[in-house]
Amino acid sequence: MVKISEEMDNLLKDNGIKQEEIQEVIDNAESSGTKLKARDDDLAIAKGVSDNLTMYAVYSPSELVDAYAHKMNILGVTGGEIDDVANDDESEWECAKCGEIALERNVDMTYMGVTRPGPGLVCPKCDEYYVSAGVAKTLKTAESILEEKRA
Ligand SMILES: [Zn+2]
């Protein structure tokens, strides 16, 4: 169990996430090893899906540091395959399961019938996709625009 401060609790509420849910996301990541860990400190990112909401917890061994969520569904790497590229696309995160450095690659995200690429953090070995807190913010805006169009 990580500590959840009052500030973090408010952030969870803003994102429609319950404390139990985020604890479960972290517990699952810790027991399965499916998480990203920072290459230069002790932070980790865990991910979980419930009710079409993908939740992320950024946490240290003792406490929750950030939490965010998106409704978009990540389909996979844009173009379908993770090709080797010459440019430096290594992120500051590595996959805790296999030790590969997570790559900054576009992933296809779909919501309300619209699919478009967006920046993701991808483990090239495990085919696991994550998004950063900054990207989740832009996704939220995109989701609202799509919801308004539909309404
Ligand atoms: Zn991996």
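Structure: above.
Everything quoted here is computed from the prediction, not taken from an experiment.

Criteria and cut-off values
- Residues numbered from 1 in each chain as written.
- Predicted model: local features only at pLDDT ≥ 70, side-chain atom pairs only at ≥ 80, totals over all residues.
- Heavy atoms only, no water.
- Helix = DSSP H or I, 4+ residues; strand = E, 2+ residues; numbered from the N terminus.
- Buried < 20%, exposed > 50% of the residue type's maximum accessible area, 1.4 Å probe, protein only.
- Contact = heavy atoms within 4.5 Å.
- Polar contact = N/O pair within 3.5 Å; in protein donor to acceptor, adjacent residues only side chain to side chain.
- Salt bridge = Lys/Arg side-chain N within 4 Å of Asp/Glu carboxyl O.

**Notes on the side chain of Glu-94**
The residue Glu-94 is located in strand 6 (residues 90-95) in this model. Since its relative accessible area comes to 19%, Glu-94 is described here as buried. Those residues in contact with Glu-94 that sit more than four places away from it in its chain are Lys-35, Leu-36, Lys-37, Arg-39, Gly-99, Glu-100, Ile-101 and Ala-102.

**Concerning the side chain of Thr-34**
In this structure, Thr-34 sits in the loop between helix 2 (19-32) and strand 1 (36-38). Looking at Thr-34, its side chain comes within polar contact range of the side chain of Lys-97, at 3.3 Å. Setting aside its immediate chain neighbours within four residues, Thr-34 contacts Ala-29, Lys-97, Glu-128 and Tyr-130.

**Let's talk about the pattern of salt bridges**
Enumeration over the complete set of coordinates arrives at eight salt bridges. The closest approach of N and O atoms between Lys-13 and Asp-9, which form a salt bridge, is 3.1 Å. Of this pair, Lys-13 and Asp-9 are both found in helix 1 (residues 6-14), four residues apart, which corresponds to roughly one turn of the helix. Using a relative accessible area of 56% as the deciding quantity, one classes Lys-13 as exposed. Asp-9 gets classed as buried once you look at its relative accessible area, which sits at 16%.

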